[in-house]
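Results of the structural survey
Single-letter residue listing:
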Amino acid sequence: MMSEKTDPGSVSEVGTHDVNHKNSDSDSSKKDANIHDVEADGGEIEDSPYEEVRAIVPPVDDPEMPVNTFRAWLLGIISTFIFSGILQFFQLHSPPIFLSSNLVIIVTLPVGHFMARVLPTSTYKLFGWEFTFNPGPFNYKEHTITSIMTTLVYAFDNGSLASDVYVAFDKFLGIPISPGFKFMFLLTTQALSFGFAGMFHRFLVRPGFCVWPGALPNCSMIYAFHNKSFQNRIANGWKIHRMKFFWLAVLIASCWQVVPSFLFTSLTTFAFITWIKPEDVTLNQVFGATSGMDLLPLTLDWNQISGYLSSPLVVPSWAIINILVGSVFFLWVVSPALHWQNVWYGRYFPFSSSGTFDNTGAAYNTTRVMNADFSINNEAYADYSPVFLSTTSVLSYGLGFASITSVLVHTGLYHRDMLWNAFKAAFRHHDDEEEDIHGKLMHAYKTVPEWWYGLIFAAIFGVSIAFLYVYDTQLPWWGLIISILINLVLLIPIGLMKATTNMTINTGALSALIAGFIWPGNLMNNVVFKVFTLVATFQGLAYVQSMKTGHYMKIPPRVTFVAQCLSIVISWVVQTAVNIWAMGNVEGICTPNAVNNFTCPLAKGYAANAIFWGLIGPTKLFKPGSMYNSMLWFFFIGAGLPVVLYLLAKKFPKNKVLKKIHTPVIFASTSAIPPATAANYISWGIVGLVFNMAIKRRYRDWWAKYNYLLSAALDSALAITTFFVFFCLTYPGVTLDWWGNNIASMTADGLEAPLDTVAQGETFGPASWI
């Protein structure tokens, strides 16, 4: 194997350490002298100041542990290849399949141990380089390579939003798309943010307070698989080993998940009050969990709880409270007041819906206002109808605008010193003051020079410019620069928010707003700009989070760098190739008569979205005098509120509540509504507070030992159940037609019935809208 380390003297060595911090049994052949830690004052081993990290990651490292090995790369490459292909192919299916990389981590565990038993242990020499196929027992660092590579595949829309968009162009909008366009669009959108995300490493990875809660469950799961001694103590009377606990939780949760996933699907929302009076529209809008307020939010489906905000077990309690406050206030106070008062004519639509409507309450027919070249016909638009949105949909746009300015101001107020110190350290080559024990232990390895990331960014930027003009995307070179500047400005603030709360901000509305005002009525231009901006944000965050995973697991940064590059290249080639093959070989694909139901529902949704934002867009929705123009004031509200709270916290320094208010999180709390509802948010918050407040305070040892492992087990169980239900039941066409699977869709809530309607031939709304 190759060595990736600097002088081990850069960290302190001690001969003994706490029994809970021993290396894994599989690596027990290593001497204690190879285990590195850092001593704090008094001779105790220094640990992370954050309890969440202490519960998951031991404050020691063995720099001699094999990581850059043949089997690590073989497992990583093969699993990424297979995982990418499966996700891309079945993303075209109705319903699509979304699988977590936890499934890959579980599958590769026995494969790794098998390889450790059968591969030859001989040492070979090649051009002066010594290597072996089998350096010893399969260890957690090798396993982490697979985790990093496959996690990036599904990080955002299975890692391939671009593929859904070009399928939408080709199959639903009639815009011919060449194979070259497909290859280049997917590569440029996925890889563009990798360069500058890497250059932000010192701001988002090295500081100890950047916990990245989303990275902790995978770390907990891998450590449980490989380290039998860490955290192996009696916790509030619980003696069961962490690994046994994990498998038991996976088994129980998998068995149960079959019920809401297939046997009794109405339990996913469990709006049982609407089942009693399914035709009462008012009752259904108050208690409905599909298009209503869901005033009694219940769900027995982990997919509903974690589907929009990820696992609540990893989010700190103060962040959960901020999210709950925002959700309750905007969903149960502001929105009902606006809706029942018929502001924006909301009573003619469902309380919560992501659809667009015309002035009869029907779905908006964009083909009536669209020319043959996909430009808008203003005369037809004036004769037809303005676009109407549901109450929660309108409010979500305003809150999305507020979250953008709020996170910028909040970052400037609360993190300016850290950012300035990190910026100075970058030029003075000093150690970062914000580093914790894990940052210090990483000094044992060579860092990735920032010019490596800069070179990748320059190369992908050049390829992106070529793509824009070779394939006539209609987006000018300066449009791409605007997209990049948006992410250069927002990625650190949003990254800090993600690193501390596991919450993020969607830049989709902002990018659509900017593109719509700069290039009104230009469909292709608007869509390409939005995809570049949106994917750069989410993929950039995924790259940084996987860097933090490598940081916690003590993977040499250059090995993490190679793993990320391989993941980008493999997923790019495989997903594009699978898509091209499917388009040419699956009979009737993307049509209602497609074989095996490959009707491309995601691409169809993006086609409707592209037409709406590309044709009508912000120039019609938010122009002066329009119904929704007031939503633009949220930009100012988002910028002003953090300043007010910051000044109040300065005036009343002893007030702990003021210190815990996080305005970007509050504004972003309902970012997925619609289509999410209170069933997703309130249930998520309740579960989170049970574990991260009630259990953590009363049974702290249990929480430290099992909480993050339980989160990983529930996500793994969901992935396993989804896989087997889809391939064993859904894909072969097995259905279960009974009341328990039909009642939710038969209620006024499920049918998205409005409070008010108009007679045939009548309309509502403003008299003019041009």
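Our subject in this report is the structure included herewith. Note that this is a predicted model, so its numbers are computed, not measured.

Secondary structure summary: the protein chain contains 29 helices and four strands in total. The C-alpha radius of gyration of the protein chain comes to 26 Å, within 12% of the 27 Å expected for a compact globule of 770 residues. If one aligns the C-alpha atoms of the protein chain with their principal axes, the spans along those axes are about 85 × 60 × 60 Å. Here the protein chain holds 770 residues, and the buried ones make up 58% of them. When contacts within the protein chain are restricted to residue pairs at least 6 apart in sequence, long-range pairs at least 24 apart make up 80% of them.

Among the nonpolar cores identified, the biggest contains 209 residues, and Ile145, Phe169, Phe185, Phe246, Phe401, Ile589 and Phe622 are the most heavily contacted of them. Top element by residues in this core is helix α21 (residues 523-552). It accounts for 17 residues.

Turning to its location among the elements, aspartate 358 is positioned in the loop between β3 (356-357) and α14 (378-384). For the buried aspartate 358, no salt bridge is present, and the opposite-charge side chain at shortest range is arginine 368, 5.5 Å distant. At 2.8 Å, the side chain of aspartate 358 forms a polar contact with the side chain of tyrosine 384. Beyond its immediate sequence surroundings of up to four residues, aspartate 358 is in contact with Phe349, Ala363, Tyr364, Tyr384, Ser385, Pro386, Phe388 and Phe764.

A few words on the state of the cysteines. In the structure shown here, the tally under the stated rule is one disulfide. A disulfide bridge connects cysteine 590 with cysteine 600, and the sulfur atoms are separated by 2.0 Å. Torsion about the S-S bond of the cysteine 590 and cysteine 600 cystine: about -70°, corresponding to left-handed handedness. Of this pair, cysteine 590 sits in the loop between α22 (557-585) and α23 (601-621) while cysteine 600 sits in the loop between α22 and α23, placing them 10 residues apart in sequence. No difference in accessibility class separates cysteine 590 from cysteine 600, as the two residues are buried. Considering cysteine sulfurs only, cysteine 219 is the nearest to cysteine 210, which forms no disulfide, with 15 Å between them. Residue class for cysteine 210 comes out buried when judged on its relative accessible area of 0%. Free cysteine cysteine 255: the closest other cysteine sulfur is in cysteine 728, separated by 14 Å.

Summarising the element assignment, glutamate 52 is placed in helix α1 (residues 51-56). Here glutamate 52 falls in the buried class, since its relative accessible area comes to 16%. Note: C-alpha distance between glutamate 52 and leucine 216 (164 residues apart in sequence) is 8.2 Å. With residues near it in sequence (within four places) discarded, glutamate 52 still touches Leu216, Pro316, Lys696, Trp703 and Tyr708.

Another aspect to go through is unusual backbone geometry. Geometrically, the link from serine 94 to proline 95 is a cis peptide bond, its omega value of 0° lying close to zero. Within the fold, proline 95 resides in the loop between α2 (70-90) and α3 (102-118). Positive phi is not limited to glycine here, since aspartate 294 has a value of about 55°. Within the element layout of this structure, aspartate 294 appears in the loop between α11 (281-287) and α12 (302-306). You will see that serine 310, though not glycine, has its phi angle at about 65°, which is positive. Take serine 310: it is sitting in the loop between α12 and α13 (317-340). A relative accessible area of 29% places serine 310 in the partly exposed class.

Calculation criteria
- Residues numbered from 1 in each chain as written.
- Predicted model: local features only at pLDDT ≥ 70, side-chain atom pairs only at ≥ 80, totals over all residues.
- Heavy atoms only, no water.
- Helix = DSSP H or I, 4+ residues; strand = E, 2+ residues; numbered from the N terminus.
- Rg over C-alpha atoms; globule rule 2.2 N^0.38 Å.
- Buried < 20%, exposed > 50% of the residue type's maximum accessible area, 1.4 Å probe, protein only.
- Contact = heavy atoms within 4.5 Å.
- Core = buried A, V, L, I, M, F, W, Y, C linked by side-chain atoms within 4.5 Å.
- Lys, Arg positive; Asp, Glu negative; His and termini not counted.
- Salt bridge = Lys/Arg side-chain N within 4 Å of Asp/Glu carboxyl O.
- Polar contact = N/O pair within 3.5 Å; in protein donor to acceptor, adjacent residues only side chain to side chain.
- Disulfide = S-S within 2.5 Å.

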